[in-house]
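Below are the chains, spelled out letter by letter.
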Amino acid sequence: KSPPMKVMLMTLQNDPPALDSEADKKRFSKALRDFVDECLQKDPSKRPTAAKLLEKPLFQIKGDTPAAAKKAAASAPPAGDSVDPSPV
């Protein structure tokens, strides 16, 4: 584990991490690798907006959009299932 100040300095000086190794290319789709590369731009002015990111192929539903959206929604668990209603 590195000291926090060293990590901050490395973040400023080194290139951002990337999914560009041969293993990464086999494990992750090009759409995901491109998405990560764009999000990890050091210069904030070069990063895409949230709206632009949502236009990326990674977030596009294949096929007839209304039918595909219904299918995706039907296979998703109900929103309340992920919340623990018990008090903390």
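Model, not experiment: these values are computed from the prediction.

### Re the pattern of salt bridges
- Following the criterion strictly, the structure yields four salt bridges and no others.
- As a salt-bridge pair, Lys-30 and Asp-34 come within 3.0 Å of each other at their nearest N and O atoms. One end of the pair is Lys-30 and the other is Asp-34, both in helix H3 (residues 30-39) and four residues apart, which spans about a single turn.
- Look at Lys-30 and you get exposed, because its relative accessible area is 53%.
- Judged by its relative accessible area of 32%, Asp-34 is partly exposed.
- When the shortest N-O distance is used, the salt bridge between Glu-38 and Lys-56 registers 2.9 Å. On the criterion of sequence distance, the pair formed by Glu-38 in helix H3 and Lys-56 in the loop between helix H4 (50-54) and helix H5 (65-75) is long-range, its members being 18 residues apart.
- A relative accessible area of 26% places Glu-38 in the partly exposed class.

### Description of the confidence of the model for the chain
- In the predicted model, the chain carries a mean pLDDT of 82, and 73% of its residues have values of at least 70.
- Mean pLDDT across the secondary structure elements of the chain bottoms out at H5, with 68, and peaks at helix H2 (residues 22-27), with 93.

Rules used in this analysis
Residues numbered from 1 in each chain as written. Predicted model: local features only at pLDDT ≥ 70, side-chain atom pairs only at ≥ 80, totals over all residues. Heavy atoms only, no water. Salt bridge = Lys/Arg side-chain N within 4 Å of Asp/Glu carboxyl O. Helix = DSSP H or I, 4+ residues; strand = E, 2+ residues; numbered from the N terminus. Buried < 20%, exposed > 50% of the residue type's maximum accessible area, 1.4 Å probe, protein only. pLDDT = per-residue confidence, 0-100.

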